[in-house]
Every structure is written in structure tokens, then in C-alpha cells.
Amino acid sequence: MTRPVLHIGNKRYSSWSLRAWLVLRKAGIEFEENMVPLHGDDLRQRLSALSPGHTVPVLEWQGGVFWDSLAIAEWAAEQAPHLWPRDAQQRALARSATARMHSSFMALRGQCSMDLARTPKAIGLKEETRADIATIQALWNDVASMDGPFLFGTYSIADAFFTPVADRFRAYDIPLHASAQAYCDALLSDPDFLDWRKDALVETFPYSEAQ
Ligand SMILES: N[C@@H](CCC(=O)N[C@@H](CS)C(=O)NCC(=O)O)C(=O)O
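Residues numbered from 1 in each chain as written. Predicted model: local features only at pLDDT ≥ 70, side-chain atom pairs only at ≥ 80, totals over all residues. Heavy atoms only, no water.

### Here's the deal with the overall build of the protein
Item 1. A count of helical and extended segments in the protein gives nine helices and four strands.
Item 2. Counting from the amino terminus, the protein carries its helices and strands in the arrangement β-α-β-α-β-β-α-α-α-α-α-α-α.
Item 3. The C-alpha atoms of the protein give a radius of gyration of 17 Å, which matches the 17 Å a tight globule of 211 residues would have.
Item 4. The principal-axis extents of the C-alpha atoms in the protein amount to approximately 45 × 40 × 25 Å.
Item 5. A total of 211 residues make up the protein; the buried ones form 47% of that total.
Item 6. Here the analysis covers contacts within the protein between residues at least 6 apart in sequence; of these, 72% occur between residues at least 24 apart. (Helix = DSSP H or I, 4+ residues; strand = E, 2+ residues; numbered from the N terminus. Rg over C-alpha atoms; globule rule 2.2 N^0.38 Å. Buried < 20%, exposed > 50% of the residue type's maximum accessible area, 1.4 Å probe, protein only. Contact = heavy atoms within 4.5 Å.)

Written as C-alpha cells, this is what we have:
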């Protein structure tokens, strides 16, 4: 079988690509990766040529082209069911937390863009950003199974989806509750994340320094 191809954005900045890539890694699926540099006047054209979603990540598999990190994660979970918790209640909760991450926290995402190479430095956070940070920590606290370092014990899609948030908290030097900090430390010391980060730190694309 030909390997699926995951089209991703710059590893340093593309948080949605990171999520899909982590999920495929955790699924144990062998895949090729193709970097689509997220800059240049022809970016929209290049993304449109890739998929009707006009964004990365994009998964090419058996002649089909699929987009959106959550759809790609669900595709992977069909082959690797361990990506969601085994218990039905926990599984529904993990999907709720993942969907919340996928659709929310615009203030944090807008003000604290992901930059894996950023030296930790605090900025003046907007009120809405502070509210997002408090909501995320409360959500983690509400759903955490306390059964291991990850939200639902063993690593799940929810953890892949929160990994870019953990790095934003690191990069913008955001003080966290002890349990939230421990969770972020677990996400940021995950070997697959560290593999991605290693590549991100040596990327040489043109970039503008995030605030
Ligand atoms: N909801 C989409 C969002 C994907 C997304 O916004 N990707 C960014 C890169 S992280 C992108 O392709 N930006 C280019 C653009 O919007 O022109 C997903 O979950 O995959």
C-alpha cells in the first residue's frame, strides 16, 4: 500500500499541522510528509491547488484528498482506536475537549501565535486572552482522569490538540496552576513532539518574529 502523504505548514508555526502530525505518529501510521511553506504571494493559490479546504494540514490517501486536523485525526483513529479512550464516557469527554480546542480560544490563538523557537517572554495579555487561559486550565481540571500524565491517562487525540497550547504557555511565559503546568510539561517532553520541534528549530524559511 502506498503511504499516505501529510501536507503540513512550517513546523515552527503551523499548530494545526502539528496536531495532525502528532496523531499520525501516535497511530503508528507510516506516512510521507510534504512541507508547504506558509508564505509568499502565491500561498492561497498553492493551498487551493492542494485541497478544497485551502489550509494545511491535508492528507492524501489512496487517491483521495482530505483536510482539517480533526477529520485527519478521526481518519487515523479508525485505524488506531487507541487514539481515543477505551471507556465510552471518557471517549465522549475526550471528543468534547478536542472539539472545544478545535473551535475555540480565538483570543489566545490570535494574541499568542505558536512559535516553537520563541524564547519565553511575557507580553501584556488582553482580558479575552486571560479568560481563554483560565478556561483552558479549568477544562483540563474538569476532564482530567488523574490516571497518568495525559488528560485521559494514556495519550489521546485530545493531548495532540492541546500540545500547541502548551507551547504557547511556555513561549509567552504564562504562569499556570501546578496541575496544568505538569500536564504541559508532559506534552512538551513527549518524544514525538520533540522530533517535530527539532525540525522546527532549524527551519530557514522567511518569517516575521511573533510578538
Ligand atoms: N480548521 C483547520 C485550520 C487549518 C489552518 O488554519 N491552517 C493554517 C496553518 S496552521 C493555514 O493553512 N493557514 C493558511 C491560510 O489560511 O491561508 C484545521 O483544523 O486543519
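Now that the structure has been shown, the text picks up again.
### Looking at the domain arrangement of the protein
Item 1. On domain assignment, one finds that the protein holds domain 1 (5-81) and domain 2 (84-195).
Item 2. Using only C-alpha atoms to locate each centre, domain 1 and domain 2 end up separated by 21 Å.
Item 3. The partner domain 2 presents 22 residues to the 20 residues of domain 1 that form the contact.
Item 4. Interface area lost by domain 1 to domain 2 is led by Arg12, Arg19 and Lys26, which between them contribute 30%.
Item 5. Across the domain 1-domain 2 interface, the total number found is six salt bridges.
Item 6. When the shortest N-O distance is used, the salt bridge between Asp190 and Lys26 registers 2.7 Å.
Item 7. Across the contact surface, domain 1 and domain 2 share 11 residue pairs in polar contact (both at pLDDT 80 or more).
Item 8. If you list the elements that add at least two residues to the side of domain 1 that touches domain 2, you get α1 (15-27) and α3 (69-79).
Item 9. The class makeup of the residues in the side of domain 1 that touches domain 2 is 10 nonpolar, three polar and seven charged. (Domains from an automatic or database assignment. Buried area = accessible area lost by both parts, 1.4 Å probe. Salt bridge = Lys/Arg side-chain N within 4 Å of Asp/Glu carboxyl O. Polar contact = N/O pair within 3.5 Å; in protein donor to acceptor, adjacent residues only side chain to side chain. Nonpolar A, V, L, I, M, F, W, Y, C, P; charged D, E, K, R; others polar.)

### Quick look at the site of the ligand
Item 1. If you check the shell around the ligand, you find Ser14, Ser15, Trp16, Leu38, Leu47, Thr55, Val56, Pro57, Asp68, Ser69 and His102 and nothing else.
Item 2. Contacts to the ligand include Val56, whose backbone N or O atom sits 2.8 Å from a nitrogen atom.
Item 3. Burial of the ligand by the surrounding chains reaches 71%, relative to a free accessible area of 510 Å².
Item 4. Taken together, the residues that form the shell around the ligand break down as five nonpolar, five polar and one charged. (Near = heavy atom within 4 Å. Areas by Shrake-Rupley, 256 points an atom, 1.4 Å probe, with all protein chains shown as cover.)

### Considering α1
For an α-helix the count is 3.6 residues per turn, leaving residues at separations of three or four pointing the same way.
Item 1. The end-to-end C-alpha distance of α1 is 19 Å, a good match for the 18 Å that 13 residues give at a rise of 1.5 Å each.
Item 2. The buried fraction of α1 amounts to 11 of the 13 residues, a majority that puts the element mostly inside the structure.
Item 3. Restricting attention to buried positions, one finds in α1 the residues Ser15, Ser17, Leu18, Arg19, Ala20, Trp21, Leu22, Val23, Leu24, Lys26 and Ala27. (Expected span 1.5 Å × (residues − 1).)

### Observations concerning the nonpolar core
Item 1. With 59 residues, the main nonpolar core has Leu6, Trp140, Phe162 and Phe169 as its most contacted residues.
Item 2. Looking at this core, the elements that each hand over two or more residues are β1 (5-8), α1, α3, α4 (88-103), α6 (127-143), α7 (157-171), α8 (178-188) and α9 (191-201).
Item 3. For this core, the element with the most residues is α7, which contributes nine residues.
Item 4. For this core, the domains that each give at least three residues are domain 1 (5-81) and domain 2 (84-195). (Core = buried A, V, L, I, M, F, W, Y, C linked by side-chain atoms within 4.5 Å.)

### With respect to the packing of aromatic side chains
Item 1. A complete count under the given rule lists eight aromatic pairs for this structure.
Item 2. When the ring of Trp21 is compared with that of Trp196, the centres are 5.2 Å apart and the planes differ by 65°; the resulting orientation is edge-to-face. In this pair, Trp21 sits in helix α1 while Trp196 sits in helix α9, placing the two residues 175 residues apart along the sequence.
Item 3. Judged by relative accessible area, Trp21 falls into the buried class, the value being 2%.
Item 4. The class for Trp196 is buried, based on a relative accessible area of 0%.
Item 5. Ring geometry for Trp140 against Tyr183: centres 4.7 Å apart, planes inclined by 80°, an arrangement best described as edge-to-face. Of this pair, Trp140 sits in helix α6 while Tyr183 sits in helix α8, and the two are 43 residues apart along the sequence.
Item 6. Aromatic rings pair up to connect Trp140, Phe162, Phe169 and Tyr183 into one cluster.
Item 7. Cation over ring: Arg19 sits above Trp16, and NZ or CZ is 4.0 Å from the ring centre.
Item 8. Its guanidinium or amino end placed over the ring of Tyr155, Lys26 lies 4.5 Å from that ring's centre, counting from NZ or CZ. (Phe/Tyr/Trp six-rings, centres within 6.5 Å; stacked < 30°, edge-to-face > 60°. Lys NZ or Arg CZ within 6 Å of the ring centre and 35° of its normal.)

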